[in-house]
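# Notes for the structure review
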Amino acid sequence: TLYDFGLFYPIRNAFAKGESIRQISQMLSRDWIYPNPNVLTTFLGVHDMERFMHEKGATIDGLKLAQTFIMTTRGKPLLYYGDEIAMPGGGDPDNRRDFPGGFPGDTRNAFEASGRTADENNVWNHLAKLGQLRQKYGALRTGKSLDLLDEDQQMAYARVLNNQAVLMIFNNDTKPAEVKFDVSMIKLIPANSTMKDELGKISDIKIENGKVKFMMPARTAGIFTVK
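Residues numbered from 1 in each chain as written. Predicted model: local features only at pLDDT ≥ 70, side-chain atom pairs only at ≥ 80, totals over all residues. Heavy atoms only, no water.

## So, the packing of helix α3 (residues 60-70) against helix α4 (residues 118-136)
At a closest axis distance of 10 Å, the pairing of α3 and α4 adopts a crossing angle of 15°. Comparing the axis directions of α3 and α4 gives the class roughly parallel. In the crossing of α3 with α4, the sense of the turn from one axis to the other is right-handed. Contact with α3, carried on its side by Ile-60, Leu-63, Lys-64, Gln-67, Thr-68 and Ile-70, involves Asp-119, Asn-122, Val-123, His-126, Leu-127, Leu-130 and Arg-134 of α4 and no other residues of that element. Split by residue class, the contact of α3 with α4 holds six nonpolar, four polar and three charged. (Axes fitted to C-alpha atoms, helices over the stretch in contact; angles between N-to-C directions. Helix = DSSP H or I, 4+ residues; strand = E, 2+ residues; numbered from the N terminus. Parallel < 35°, antiparallel > 145°, perpendicular 65-115°, else oblique. Left-handed = near helix turned anticlockwise from the far one by under 90°. Contact = heavy atoms within 4.5 Å. Nonpolar A, V, L, I, M, F, W, Y, C, P; charged D, E, K, R; others polar.)

Written out as structure tokens, the structure reads:
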């Protein structure tokens, strides 16, 4: 299938460089061009380009936002080795450096938690959790996508499949922001209910009369399900 380079550049611009997250929504609005956008390969980087963490402005928080996005949006995510521990890497061949561990002479083994730094474990555990959630909720793999919020640095969408509705909310800004939008069209989310963040980073949010409204921490994403 096709690699989604059209979406790759907005992802890098928003989550690594800190530019507007709206670039992502604008690119997704062009999905009508493809016979089946759900089989496009989404990615943060591959073997013949500079790694995500090499981008000017890239941070661990930005990498985790980008990983959360490709693991919850439409498409088939590709995970390039080393990104699970935020490996750096410039142009070829630096972007293909050995993963630490398993090779003769390695001084540490990043395949084990004890061989990883605190930041590396932070990213590793986050991506592992995303994998667990993608496995648990079929909606994240093949569900219908519904765009709910399109702001300069905030974005929200839902993935819906059969009896599952999963809500994703992003704040790409460097400061907290109020997010508010309507979910009343999603019948699987009761008009007055509580949703919990499956990533465990954001407090429960209250749905009142089909509306979401709360203050979201800076550079954070949440994956919400009905409690």
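The structure having been displayed, the exposition proceeds.
## Describing the pattern of salt bridges
Applying the stated criterion across every chain yields a total of eleven salt bridges. A salt bridge links Arg-22 to Glu-151, with the shortest nitrogen-to-oxygen separation between them at 4.0 Å. Here Arg-22 is found in helix α2 (residues 22-28), whereas its partner Glu-151 is found in the loop between β3 (144-150) and β4 (154-161), with 129 residues between them in sequence. The salt bridge involving Arg-51 is made with Asp-83; its shortest N-O contact spans 3.0 Å. Taken together, the positions of Arg-51 in the loop between β1 (41-43) and α3 and Asp-83 in the loop between β2 (76-78) and α4 put the pair 32 residues apart, joining distant regions of the chain. (Salt bridge = Lys/Arg side-chain N within 4 Å of Asp/Glu carboxyl O.)

## Let's talk about empty space enclosed by the protein
Here the structure, examined in full by the defined rule, presents one cavity of 30 Å³ or more. Within the lining of the largest cavity, the residues separate by chemical class into five nonpolar, two polar and one charged. (1 Å grid on protein atoms, 1.4 Å probe; cavity = no way out; pocket = protein on both sides within 12 Å on 5 of 7 lines; lining within 4 Å. Points joined across faces, edges and corners; volume = space filled by probe spheres on them.)

## Quick notes on the environment of Gly-82
In this structure, Gly-82 sits in the loop between β2 and α4. By relative accessible area, Gly-82 is classed as buried at 0%. Expressed as a C-alpha distance, the spacing of Gly-82 and Ala-113, which sit 31 residues apart in the sequence, is 14 Å. Non-local contacts of Gly-82, meaning those with residues more than four positions away in its chain, are made with Arg-51, Met-87 and Phe-99. (Buried < 20%, exposed > 50% of the residue type's maximum accessible area, 1.4 Å probe, protein only.)

## Looking at the environment of Met-53
With respect to the element layout, Met-53 can be found in the loop between β1 and α3. Under the relative-accessibility criterion, Met-53 is labelled partly exposed at 22%. Contact partners of Met-53, with chain neighbours within four places excluded, come to Ala-58, Thr-59, Ile-60, Leu-63, Ala-86, Met-87 and Pro-88.

## With respect to the packing of helix α1 (residues 5-16) against α3
Contact geometry of α1 with α3 gives a least axis separation of 9 Å together with a crossing angle of 145°. For the element pair α1 and α3, the recorded crossing hand is right-handed. Facing Leu-7, Ile-11 and Phe-15 of α1, the residues of α3 in contact are Gly-62, Leu-65, Ala-66, Phe-69 and Ile-70. Here the contact of α1 with α3 is composed, by residue class, of seven nonpolar, one polar and no charged.

## Side note on unusual backbone geometry
At the junction of Asp-92 and Pro-93, the peptide bond is cis and its omega measures out at 10° in the coordinates. Its place among the elements puts Pro-93 in the loop between β2 and α4. The backbone of Asn-162 sits at a positive phi, close to 50°, despite the residue not being glycine. Taking relative accessible area as the criterion, Asn-162 reaches 71% and is therefore assigned exposed. Positive phi, close to 55°, is recorded for Asn-209, a residue that is not glycine. When you line up the elements, Asn-209 lands in the loop between β8 (205-208) and β9 (211-216).

## A word on the sheet that holds β3
Taken in spatial order, the eight strands make up an open sheet running β3-β4-β5-β10-β7-β8-β9-β6, and their pairing is antiparallel. Of all the strands in the sheet, the pair left with one neighbour each is β3 and β6 (177-182). Going across the sheet, the axis of each strand differs from the next one's by a mean of 25°, ignoring polarity. Here eight bridges tie β4 to strand β5 (residues 164-171), and the two strands are oriented antiparallel to one another. Each residue of the ladder has a partner; that of Met-155, found in β5, is Phe-170. (Pairing = 2+ DSSP bridges.)

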